[in-house]
Amino acid sequence: MSLFDSPAFQGHESVQAFHDERTGLKTIIAVHSTARGPAAGGCRMWPYPSSEAALEDVLRLSRAMSYKNAMADLELGGGKSVIIGDSHTGKSPALFEAFGAAVEKVGGRYWAAEDVGTSPADMVHARKRTRFVAGLDGHDAASGDPSPVTAEGVFRGIVLAARRAFGGGLDGLTVAIQGVGHVGGFLAEKLHAAGAKLVVTDVNAEALRRVAEATGAEVVAPDAIFDCEAEVFAPCALGGAITLATLGRLKAKVIAGGANNQIATAEAGRRMFEKGLIYAPDYVINGGGITNVAAEIRALDRGERFDPLWVEAKLARLMQTLEEVFNRSVQEDRPTQVVADEMARARIAAV
Ligand code: NAD
């Protein structure tokens, strides 16, 4: 399928493919929109089975970043990059330097950061060839690990949704967390401190043990997370947790978690709404991480230090936006994810 015929192509401003013969780098950088500012989004390294699959992923992910950045009220557009390769065997400093050179050729219209398969350590090498890389440690503007900020946003979003659903705080409520990695692990600690009971699962036994020890959480097998007695379900693993099948099993009234792309199909999204569940759209509730990265981009641009107060103000604003999504969903009797998409498009069009 060609670029312009792909269903994932939705008015993207530019899509550039770069090849570096010396290192074998194959990367695609997609800029969906720069209407709100330079495009920002992570660099994913994945062993895509074909370049078509890589293209489709980068198109889809870059558009999602436009929506996420708009809903986080950032002066950033949406972009993403993918490197075709195996992150366990295919990484080298030279590969990421070549990636940095590719980012530089986009001329500041795209800022890269880490994502699935890449790390801040990889991005340090990219930074040798371009200044348009954020999410690093060790300089005055650096924002560090975005996961705690993502988890803080998700935590506040759960508080908000739970208040709407149950009329009170988290004390005594049970939250089921699927995936206790970076985001899920920090989230578990915050929920535990707020008095929630936890049921957790993960495919990584060590991560599970750490979180269970720290929070007293009940541990269940990965598939059993959909059957447990919990008022809130927080998907914090990979995408696609909400399907027709899992919706048939979940007892929770609230779905609010950090994972991207939680709704597997449009039909599952509709079913979730028909069942009267309160769903916090994934790319709204998990916008804390990109907000943290945005603070670094802002600081680098202005030659200033990283400003945690700016991040806090944006996080508070993000929660107002989430509240507005919930309110409009009720008023207009439409799913929250539909309302959020519409609001994101309006914010992009408004500038
Ligand atoms: P992570 O890799 O640290 O954690 C994910 C965890 O999920 C891992 O511990 C993994 O073992 C577990 N997992 C994978 N498959 C599972 C399954 N089938 N059942 C149960 N557990 C499973 O990643 P992360 O940084 O915590 O990100 C989690 C999610 O949040 C991802 O979808 C990511 O895209 C999204 N997200 C992360 C951030 C961030 O700041 N890190 C920001 C926005 C969105």
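Residues numbered from 1 in each chain as written. Predicted model: local features only at pLDDT ≥ 70, side-chain atom pairs only at ≥ 80, totals over all residues. Heavy atoms only, no water.

Draft legend 1. Summary view of the overall build of the chain. A tally of regular secondary structure across the chain gives 12 helices and 11 strands. Computed over C-alpha atoms, the radius of gyration of the chain comes to 20 Å, within 12% of the 20 Å expected from 2.2 N^0.38 for 351 residues, which places it in the range of a compact globule. Projecting the C-alpha coordinates of the chain onto the three principal axes gives extents of approximately 55 × 45 × 45 Å. Sorting the 351 residues of the chain into buried and exposed places 54% on the buried side. Of all intrachain contacts in the chain linking residues separated by at least 6 positions in sequence, the fraction that spans at least 24 positions is 66%. Accessible surface, the chain: about 14800 Å² in total, of which carbon and sulfur atoms supply 52%. Of the charged side chains in the chain, 37 are positive and 43 negative, and the gap between their average positions amounts to 3 Å. (Helix = DSSP H or I, 4+ residues; strand = E, 2+ residues; numbered from the N terminus. Rg over C-alpha atoms; globule rule 2.2 N^0.38 Å. Buried < 20%, exposed > 50% of the residue type's maximum accessible area, 1.4 Å probe, protein only. Contact = heavy atoms within 4.5 Å. Areas by Shrake-Rupley, 256 points an atom, 1.4 Å probe, with all protein chains shown as cover. Lys, Arg positive; Asp, Glu negative; His and termini not counted. Charge placed at Lys NZ, Arg CZ, Asp CG, Glu CD.)

Draft legend 2. A look at the packing of aromatic side chains. Counted according to the given criterion, the structure contains four aromatic pairs. The positively charged end of Arg63 is found above the aromatic ring belonging to Tyr67, 4.6 Å away from the centroid. (Phe/Tyr/Trp six-rings, centres within 6.5 Å; stacked < 30°, edge-to-face > 60°. Lys NZ or Arg CZ within 6 Å of the ring centre and 35° of its normal.)

Draft legend 3. Representation of the sheet that holds strand E1 (residues 14–20). If you walk across this open sheet you meet the five strands as E1-E2-E4-E3-E5, and the pairing is mixed. At either end of the open sheet lies a strand with only one pairing partner, and these are E1 and strand E5 (110–114). The sheet shows a mean angle of 25° between the axes of neighbouring strands, direction not considered. Note: E1 against strand E2 (residues 25–33), seven bridges, orientation antiparallel. Counterpart to Gln16 in the pairing with E2 is Ile29. (Pairing = 2+ DSSP bridges. Axes fitted to C-alpha atoms, helices over the stretch in contact; angles between N-to-C directions.)

Draft legend 4. Broad picture of the domain arrangement of the chain. Taken as a whole, the chain is organised into domain 1 (14–64 + 77–133) and domain 2 (148–285 + 321–350). Centre-to-centre separation of domain 1 and domain 2, based on C-alpha positions: 29 Å. (Domains from an automatic or database assignment.)

Draft legend 5. Quick look at the site of the ligand. Taken together, 17 residues form the shell around the ligand, and within it Thr150, His182, Val183, Asp202 and Ala237 come nearest. Within the side chain of Ser147, an N or O atom sits 3.2 Å from a nitrogen atom of the ligand. In the complex, 74% of the free accessible area of the ligand, which totals 820 Å², lies under the protein chains. Elements that contribute at least two residues to the shell around the ligand include exactly helix H4 (147–166) and helix H5 (182–193). Tallied by class, residues from the shell around the ligand come to six nonpolar, nine polar and two charged. (Near = heavy atom within 4 Å. Polar contact = N/O pair within 3.5 Å; in protein donor to acceptor, adjacent residues only side chain to side chain. Nonpolar A, V, L, I, M, F, W, Y, C, P; charged D, E, K, R; others polar.)

Draft legend 6. Region of the structure containing the pattern of salt bridges. What the rule picks out here adds up to 26 salt bridges. Between Arg164 and Glu323 there is a salt bridge; the shortest N-O distance is 3.0 Å. Taken together, the residues Arg164 in helix H4 and Glu323 in helix H11 (residues 308–332) connect sequence positions 159 residues apart. Here Arg210 and Glu206 are joined by a salt bridge, their closest N and O atoms 3.8 Å apart. Linking Arg210 with Glu206, this pair stays in helix H6 (residues 205–215), spanning four residues, or about one helical turn. According to the relative accessible area criterion, Glu206 is partly exposed, its value standing at 39%. (Salt bridge = Lys/Arg side-chain N within 4 Å of Asp/Glu carboxyl O.)

Draft legend 7. Up close: the sheet that holds strand E10 (residues 254–255). Reading across the sheet, the six strands line up as E8-E7-E6-E9-E10-E11 and stay open at both edges, with parallel pairing between neighbours. The sheet is open, and its two edges are formed by strand E8 (218–219) and strand E11 (278–279), each paired on a single side. Pairing of E10 with E11, which is carried by two bridges, proceeds in the parallel orientation. Following the sheet pairing, Val254 is matched in E11 by Ile278. Contacts from H5 reach strand E6 (174–178), strand E7 (197–201) and strand E9 (232–235), with the element oriented near 170° to E6.

Draft legend 8. Representation of unusual backbone geometry. The phi torsion at Asp73 lies on the positive side, around 60°, for a residue other than glycine. Residue classification places Asp73 among the partly exposed residues on the basis of a relative accessible area of 22%. With a phi angle near 55°, Asp333 is a residue other than glycine that sits in the positive phi range. When you line up the elements, Asp333 lands in the loop between H11 and helix H12 (336–349).

Draft legend 9. Seen up close, the state of the cysteines. Overall, the coordinates contain zero disulfides when judged by the stated rule. Counting only cysteine sulfurs, Cys236 is the nearest neighbor of Cys228, a cysteine outside any disulfide, at a range of 13 Å. Classification of Cys228 by relative accessible area gives buried; the value is 14%. Under the relative-accessibility criterion, Cys236 is labelled buried at 12%. (Disulfide = S-S within 2.5 Å.)

Draft legend 10. Structural context of the environment of Ser50. As for its position among the elements, Ser50 is in the loop between strand E3 (39–46) and helix H1 (51–71). Spatially, the C-alpha atoms of Ser50 and Ile84 are 8.7 Å apart, while their sequence positions differ by 34 residues. For Ser50, the side chain forms a polar contact with the main-chain nitrogen of Ala53, separated by 3.1 Å.

Draft legend 11. Examining the packing of H4 against H11 more closely. Packing of H4 against H11 brings their axes to within 10 Å, and their N-to-C directions diverge by 35°. Every pair of crossing elements has a handedness; the one defined by H4 and H11 is right-handed. Mapping the contact onto sequence places Val149, Glu152, Gly153, Arg156, Gly157, Leu160, Ala161 and Arg164 in H4 and Val311, Glu312, Leu315, Ala316, Met319, Leu322, Glu323, Phe326, Asn327 and Val330 in H11. Taken together, the residues of the contact of H4 with H11 sort by class into 10 nonpolar, three polar and five charged. (Left-handed = near helix turned anticlockwise from the far one by under 90°.)

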